[in-house]
Amino acid sequence: MKKRFLTGALAVVMILSVTACNNDREQQDVTPGNVIEQPENTVQQPESVVQQPENKENESENKEEEQTVYVAEYEDILADTYEFIVNIEDKVGPDEGFYGIWDAAIALGDEALGKIAYLFKDINDDSVYELMIGVFDKADGAYTNNEVYALYTLKNGNPELLFEGWSRSMYSLKEDNSFFYHGSSGAAYSIFGTYHIDKNCEMVCDDYYFTYPDDNDPEIIEIYHNKTGSDYREESEKLDITLDDFWSLEEEVAKGTVKLSATAFADLDENIVEKALTVEPAPAPSHIVGEWVMISGETDGYEYTAEEAGIQSEILITSSDDGMTAEYFSKMEYVGTDTLKANLELCQEPLYIGCGNDEWSVVFHVTETTFDPEDEFYATLIDENTLLLRNIFPFDGTLGVSHQTYKRK
């Protein structure tokens with residue numbers, strides 16, 4: 001079953017695609033009458049003209065106050081992102097919200113702190129500023145003028161991730177506050193379009209274009225369109241255009257992206273930097289007790305989210321006078337379900353060097369299983385609400401390694 005699990009997981013990762021959409025800007029007409037009347041208004045209201053600099057100064061002060069407020073609201077996200085970039089070489093893989101940051105930090109190397117930046121912007125005119133993390137001033141000639149790796153908003157006073165982007169599934173802000181999206185897993189499976197965010201802070205798809213190989217001749221690439229973000233051809237309109245037309249249309253939409261002023265993480269507030277680099281004591285081993293739900297994984301270098309890979313997996317850890325026990329199940333779409341029961345043994349050594357908990361881990365001594373009998377399982381807590389599971393398994397005459405991240409249920 002494990003071989004089928006790995007093969008299925010890697011296959012799913014290689015063909016992932018995500019949805020997207022397009023929203024045209026309306027342009028305002030300026031009538032000749034308005035142009036003629038403007039100088040007259042300026043002359044008739046000299047006091048307003050004189051007072052304007054003071055108003056602008058007040059407005060600037062208000063904006064600075066707003067920025068300070070939103071830095072505080074998103075402080076934990078900013079601190080976690082700074083720490084992630086600085087310690088990128090020690091990271092096994094990204095958690096939710098960090099896939100694009102992971103890609104960029106590795107590619108940029110020593111320049112990552114100076115290139116990856118953040119800004120606050122009210123995307124949907126609801127008077128709540130969203131937090132965007134990305135690269136917002138791409139070099140001239142780049143395909144887009146910015147790349148947004150994560151977008152957060154505030155719901156009930158708490159940060160909530162709206163979307164994340166990475167190298168092959170990228171979002172870029174346009175002048176009208178919509179988001180251009182382009183994704184691909186090869187020429188046969190490409191997507192582009194735009195999103196906008198509504199007043200309820202929900203992502204709304206306006207237009208969605210995608211390619212798909214013809215069923216009878218995979219050399220023929222068909223182009224489809226819908227306004228719902230559906231991946232299904234039967235829910236889309238087949239367009240009578242060529243692949244070159246598809247690329248040209250995508251490039252035209254991409255031109256609407258803009259360069260933005262942002263704060264590099266190299267200039268992050270020193271108090272937040274101190275918080276980011278403060279090493280918290282490892283959680284007590286007893287805190288591993290609880291229910292855990294898988295959110296992401298990495299198998300021999302391939303990263304994926306549980307949702308993308310079609311995996312449902314949970315771990316229940318309980319404690320009694322006889323020690324700790326675990327019940328674990330993993331269900332993968334089109335593959336099947338595996339389960340195990342195990343007694344846990346505490347070890348005073350890390351899961352591996354740099355895993356995030358250098359003090360302890362637990363070994364699963366399996367008592368019942370439908371996994372390969374040679375599979376080995378280990379776990380640790382990265383923080384109070386994050387469990388890291390390590391699975392070592394036989395694969396094609398050698399050993400494979402899988403790491404899965406779980407959040408407390």
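Everything discussed here concerns the structure shown above.
Here we summarise the structure given alongside this text. Everything quoted here is computed from the prediction, not taken from an experiment.

## Side note on the overall build of the chain
Then comes step 1: Within the chain, the secondary structure is distributed over 9 helices and 20 strands.
Then comes step 2: For the chain, the residues scored as buried account for 41% of the 409 residues in total.

## Quick look at the nonpolar core
Then comes step 1: Among the nonpolar cores identified, the biggest contains 32 residues, and Ile 116, Leu 131, Ile 133 and Phe 265 are the most heavily contacted of them.
Then comes step 2: Of all the secondary structure elements, the ones that give two or more residues to this core are α4 (75-86), α5 (99-108), β1 (117-121), β2 (130-135), β3 (147-155) and α8 (270-277).
Then comes step 3: Among the elements that take part in this core, α4 stands out by supplying 6 residues, more than any other.
Then comes step 4: Ignoring any residue separated from it by four or fewer positions in sequence, one finds Ile 133 in contact with Ile 77, Thr 81, Ile 101, Ile 116, Ala 117, Tyr 118, Glu 147, Val 148, Tyr 149, Ala 150, Tyr 152 and Phe 265.

## What to know about the layout of surface pockets
Then comes step 1: Computed from the structure, the largest pocket encloses a volume of approximately 1,700 Å³.
Then comes step 2: Every residue lining the largest pocket is counted, 49 residues in all, and those nearest its centre are Asp 80, Glu 83, Lys 91, Ile 382 and Asp 383.
Then comes step 3: Listed by contribution, the elements that provide at least two residues to the lining of the largest pocket are α4, β4 (158-164), α8, β12 (290-299), β18 (376-383), β19 (386-395) and β20 (398-408).
Then comes step 4: At 6 residues, α4 tops the list of elements feeding residues into the lining of the largest pocket.

## Description of the side chain of Asp 214
Then comes step 1: With respect to the helices and strands, Asp 214 occurs in the loop between β8 (203-213) and β9 (221-226).
Then comes step 2: It is Lys 238 that comes nearest to the buried, bridge-free Asp 214 among opposite-charge side chains, at 5.1 Å.
Then comes step 3: A polar contact of 2.9 Å, which involves the side chain of Asp 214, links it to the backbone nitrogen of Asp 217.
Then comes step 4: Residues within four places of Asp 214 in sequence aside, it is in contact with Ile 220 and Glu 222.

## Focus on α8
Then comes step 1: Restricting attention to buried positions, one finds in α8 the residues Ile 272, Val 273 and Ala 276. On an axial view of α8, the arc spanned by its buried residues comes to 105°, and they lie on one face. In this structure, α8 carries Glu 270, Asn 271 and Glu 274 as exposed residues pointing more than 90 degrees from its buried face.
Then comes step 2: Among the residues of α8, the N-terminal cap falls to Asp 269, whose side-chain oxygen and the backbone nitrogen of Asn 271 are separated by 2.8 Å.

## Quick notes on the pattern of salt bridges
Then comes step 1: Throughout the structure, instances matching the rule amount to 13 salt bridges.
Then comes step 2: Between Asp 140 and Lys 259 there is a salt bridge; the shortest N-O distance is 2.6 Å. Pair noted here: Asp 140 is in the loop between β2 and β3 and Lys 259 is in the loop between α7 (243-254) and β11 (263-264), with a separation of 119 residues, a long-range link.
Then comes step 3: Exposure remark for Asp 140: the relative accessible area of 72% places this residue in the exposed category.
Then comes step 4: For Lys 259, a relative accessible area of 36% translates into the label partly exposed.
Then comes step 5: In this structure, Glu 202 and Lys 155 form a salt bridge, with 3.7 Å as the shortest nitrogen-oxygen distance. Here Glu 202 is found in the loop between β7 (190-197) and β8, whereas its partner Lys 155 is found in strand β3, with 47 residues between them in sequence.
Then comes step 6: Judged by relative accessible area, which is 41%, Glu 202 ranks as partly exposed.
Then comes step 7: Overall, Lys 155 belongs to the partly exposed group, its relative accessible area being 23%.
Then comes step 8: Among the ionic contacts, a cluster of salt bridges with common partners joins Glu 75, Asp 76 and Lys 275.

## So, the pairing of strand β16 (residues 336-347)
Then comes step 1: In terms of strand pairing, strand β15 (residues 323-332) meets β16 through 9 bridges, oriented antiparallel. Across the sheet, the residue bridging to Ala 326 is Ala 342, located in β16.
Then comes step 2: Here β15 hands over to β16 after 3 residues, with Tyr 334 in that stretch at a positive phi of 70°.
Then comes step 3: Note: β16 against strand β17 (residues 361-369), 8 bridges, orientation antiparallel. Across the sheet, Cys 347 pairs through a bridge with Ser 361, a residue of β17.

## Digging into α4
Then comes step 1: Under the 1.5 Å per step criterion, the end-to-end length of α4 is 17 Å for 12 residues, consistent within 8% with the ideal 16 Å.
Then comes step 2: Looking at α4, one finds that the buried residues are Ile 77, Leu 78, Ala 79, Thr 81, Tyr 82, Phe 84 and Ile 85.

## Regarding unusual backbone geometry
Then comes step 1: With phi around 70°, Asn 177 is a residue other than glycine that occupies positive phi space.
Then comes step 2: On the accessibility criterion, Asn 177 (16% relative accessible area) is buried.
Then comes step 3: In this structure, Tyr 334 is a non-glycine residue whose phi angle is positive, near 70°.
Then comes step 4: Along the chain, Tyr 334 falls in the loop between β15 and β16.
Then comes step 5: The exposed category is assigned to Tyr 334, whose relative accessible area is 79%.

## Structural notes on the packing of aromatic side chains
Then comes step 1: Counted under the stated rule, the structure contains 24 aromatic pairs.
Then comes step 2: Ring centres 5.3 Å apart and planes at 65° place the aromatic pair Phe 371 and Phe 377 in the edge-to-face group.
Then comes step 3: Overall, the relative accessible area of 2% leaves Phe 377 in the buried class.
Then comes step 4: One aromatic cluster is present, built from ring pairs that chain together Tyr 70, Tyr 74, Tyr 118, Phe 120, Tyr 129 and Phe 265.

What counts as what
- Residues numbered from 1 in each chain as written.
- Predicted model: local features only at pLDDT ≥ 70, side-chain atom pairs only at ≥ 80, totals over all residues.
- Heavy atoms only, no water.
- Helix = DSSP H or I, 4+ residues; strand = E, 2+ residues; numbered from the N terminus.
- Buried < 20%, exposed > 50% of the residue type's maximum accessible area, 1.4 Å probe, protein only.
- Core = buried A, V, L, I, M, F, W, Y, C linked by side-chain atoms within 4.5 Å.
- Contact = heavy atoms within 4.5 Å.
- 1 Å grid on protein atoms, 1.4 Å probe; cavity = no way out; pocket = protein on both sides within 12 Å on 5 of 7 lines; lining within 4 Å.
- Points joined across faces, edges and corners; volume = space filled by probe spheres on them.
- Lys, Arg positive; Asp, Glu negative; His and termini not counted.
- Salt bridge = Lys/Arg side-chain N within 4 Å of Asp/Glu carboxyl O.
- Polar contact = N/O pair within 3.5 Å; in protein donor to acceptor, adjacent residues only side chain to side chain.
- Arc of directions from axis to C-beta.
- Pairing = 2+ DSSP bridges.
- Expected span 1.5 Å × (residues − 1).
- Phe/Tyr/Trp six-rings, centres within 6.5 Å; stacked < 30°, edge-to-face > 60°.

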